[in-house]
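Descriptive structure summary
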Amino acid sequence: MRLLAELKRRNVIRMSGLYLVGAWLLVQVAETVLPAFDVPGWVLRALIILLALGFVPTLVFSWVYELTPDGLRRDAEVDRSSSIAPQTAKRMDQLTLAGVVVLLAVIAADRFWPRDAAPGPAPVAPAASDDAPTPGPEPAAGAVAREQGLIAVLPFRNRSARDEDAYFAEGIHDDLLTQLSKVAAFKVISRTSMMRYAESTLSVPQIAAELGAAVVLEGAVQRAGDQVRVNVQLIDGVSDVHLWAENYDRALTTETIFAIQADIAQAVAKAMQVALSPEESSTLRAGSTRNLEAYEAFLRGSLVTDTASISSEGSMQAIAAFDRAIGLDPGFAEAYARKARAQLLGHWMAVGPRSLREDARGSLAEAQRLAPENIETLLAQAYEFYMGDLDYAGADAMLQKILARVPDHAEALEGSGYVARRDGRFDDAFKAFERALAIDPQATDVMIALVETLMIVRGDFDAAEAMLARARKLGADTRARAIWNEESRGDLDAAWAEVDGPLNSFVFTPAQIALKSRDPARIAQALSPAIWPEELRSPGDFPEAYAMVEAEAMLVLGQQAEAARLLAGIQQRLMQRSEPYPSRWLANAYYQPSDLPGMLGDLQGVRAAEADYLQHARRDVWGARRTHRSLAIAFARADDPERALHYLELLVETFGPHKYAWFAPEPGLDSLRAHPRFLAMKAGYERWASERAP
């Protein structure tokens, strides 16, 4: 009791309280202010350690010395009758109270003060009509997404002195998203969706509300020589409260990058109240390579493999980047897997030669040898089954294997939708796309997939148009699908109104509309360099793409002699090739083996092509709408109406009576228009349309 009384008299207890309040206040202010000036994280840690070390010496000092009107004096030398310790105690109580008030104010400000993301211009979106639907998820979808715990990772800001280092920050962001998406408990919004917020001035709660995100991660990357500084903070998407923050100032190595990714994953897991498995933690921290240059090449390749904007040049750049990564680290399994996917995509989108498909097999084999159970390897295997072999059961097995480990892997869900669609399981396709969109509510590629499925399978053109408007508001290039939607409903004038320039991967689409409309002015415009540039006229394995359309245009315009001349030239050039149709019956082909003999009126040639189709073409229910249309037109032109009508009836049987509006305007089907079976399909379409009329 005497010791306690002496501690009170000497104000030691009050000093301990004042010290703790002051130290806490100092830490709170430093934690808020230091990141704004890019102060390394070790400064804050050092401050906390110094304050902790100073606690005991401060109490000892308070015990030994007393504040007097003459300054500090040893307590033993102060006359008790003249001591001002009681007055000092009152001042210390006042200071402590004031400190507590200020501390509460700082905490309240941090919790409730609105914060904006990094300033800059708002994302640029294509112009759209004022009455177009509002972008983003519907309110109910957003609420569901929030309940599911979606994670939004804002694009990392580049704070490096060199502008060319911007790719590094972007690549780190992309790789972090990829790695987080492999954690079973996480639902990660894709890079495509998040890049729209790269320069956004919206606050974190506003961004979270648009995406339906539970938490938002933001950060910045600064690279200087062999050093890297990464600042990250995790924020509650609703309350805007900072849940976790860290500043990393370390040597630039792959170990550093992967350790940071692992730390971020642990912080997100804690905030989401979930646990990472030991295997997930170990995999994140181990990373994919120990060679920094290889990792940087890998990042460069990954950034140019976007399906929506794939081109011949982009495909070659991606493959070259992955080749460099592999050359620097021959054991880099994920680089082999990504290279395989880039090769398959180039083949599938007809922006490269068929040899890419064979090359992909070699890349995949290496990925499987090095890391057979890696999710990147499994995705590449699914791509190979789907795009390389049209083996939908094999592709689905790989995707389901991924989803068994990571149930909300958005890319695997999207892929399973494409596989189900090709396999004719249209209801399963809708479910997969809708689930993928719930996880990633601004994924425009998924929206586009739903647009295609709505108009082709269900004939719900209005719903497809609404989804197109939603994707367009988010910056997606929807021109090709807008044309297809109007074409599918039979409105060629509306379809042509959507034509405003080249369509790269769908460069022949304007010509198809022009030919169906039989308008000479439209046909001339569709074949002009403004719509069909010279460099896009002989893509990949389809050197006669432009010439075939040009010849068909002559037939439509009644210029038979010119058409015959062009067709003879095409035939001669194809005969000189060792394999005239290397991609054979690929649904995405610019022309099919039946097209040329059909335009030549060569019935024997059309039948030979059909025999090849029936013997060699892989099952592709979704793609059959194109191959069956080509066969029907070829047989009609070669004067075999019964066989032509067979393929048209297959189209109606598979997709529904609305397909009549899509194929009916084809000039190559003119010889069938009075046939009873053709008229029966027309009547079926008219009944379907009248039932849907308001």
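The following paragraphs examine the structure supplied in this document. Remember, predicted model here, so these are calculated numbers, not experimental data. (Residues numbered from 1 in each chain as written. Predicted model: local features only at pLDDT ≥ 70, side-chain atom pairs only at ≥ 80, totals over all residues. Heavy atoms only, no water.)

Under the criterion given, the structure shown has 23 aromatic pairs. Centroid distance Y418 to F433: 5.2 Å. Interplanar angle 65°. Geometry classified as edge-to-face. Residue Y418 is located in helix α17 (residues 410–422), and its partner F433 is located in helix α18 (residues 426–439); the two are separated by 15 residues in the primary sequence. F433 sits in the buried class, given a relative accessible area of 0%. Residues F508 and Y590 carry aromatic rings whose centres are separated by 5.2 Å and whose planes lie at 75° to one another, so their mutual orientation is edge-to-face. Here F508, found in the loop between α22 (492–497) and α23 (509–517), pairs with Y590, found in the loop between α26 (560–575) and α27 (595–600); they are 82 residues apart in sequence, far enough to count as distant. Like Y590, F508 is buried. An aromatic cluster of three or more residues is present, and its members are F461, Y660, F663, F678, Y685 and W688. Across from the ring centre of Y546, 3.9 Å away, lies the NZ or CZ of R537, which sits over that ring. (Phe/Tyr/Trp six-rings, centres within 6.5 Å; stacked < 30°, edge-to-face > 60°. Helix = DSSP H or I, 4+ residues; strand = E, 2+ residues; numbered from the N terminus. Buried < 20%, exposed > 50% of the residue type's maximum accessible area, 1.4 Å probe, protein only. Lys NZ or Arg CZ within 6 Å of the ring centre and 35° of its normal.)

This part covers the pairing of strand β6 (residues 213–224). Counted residue by residue, β6 has 10 buried out of 12 residues, so it is predominantly covered. In the sheet, strand β3 (residues 150–153) pairs with β6 via four bridges, with the strands oriented parallel. Bridging from a neighbouring strand, V153 pairs with L217 of β6. In terms of strand pairing, strand β4 (residues 157–158) meets β6 through two bridges, oriented parallel. Bridge assignment links R157 to a residue of β6, and that residue is A220. Bridge count for β6 against strand β7 (residues 227–236) is 10 bridges, and the pairing is antiparallel. From the neighbouring strand, G219 faces β7, where its bridge partner is V232. Linkage of β6 to β7, two consecutive antiparallel strands, is achieved through a turn of two residues, within which G225 is found at a positive phi near 65°. (Pairing = 2+ DSSP bridges.)

Okay, the pattern of salt bridges next. All chains considered together, the criterion is met by 49 salt bridges. Linking R223 and E296 is a salt bridge whose minimum nitrogen-to-oxygen distance equals 2.9 Å. With R223 in strand β6 and E296 in helix α11 (residues 292–303), this pair connects stretches of sequence that are 73 residues apart. For the pair shown, R223 and E296 are each scored as buried. Among the salt bridges present, the one from E562 reaches R565, with a minimum N-O distance of 2.5 Å. Taken together, the positions of E562 and R565, both in helix α26 and three residues apart, correspond to about one turn of that helix. (Salt bridge = Lys/Arg side-chain N within 4 Å of Asp/Glu carboxyl O.)

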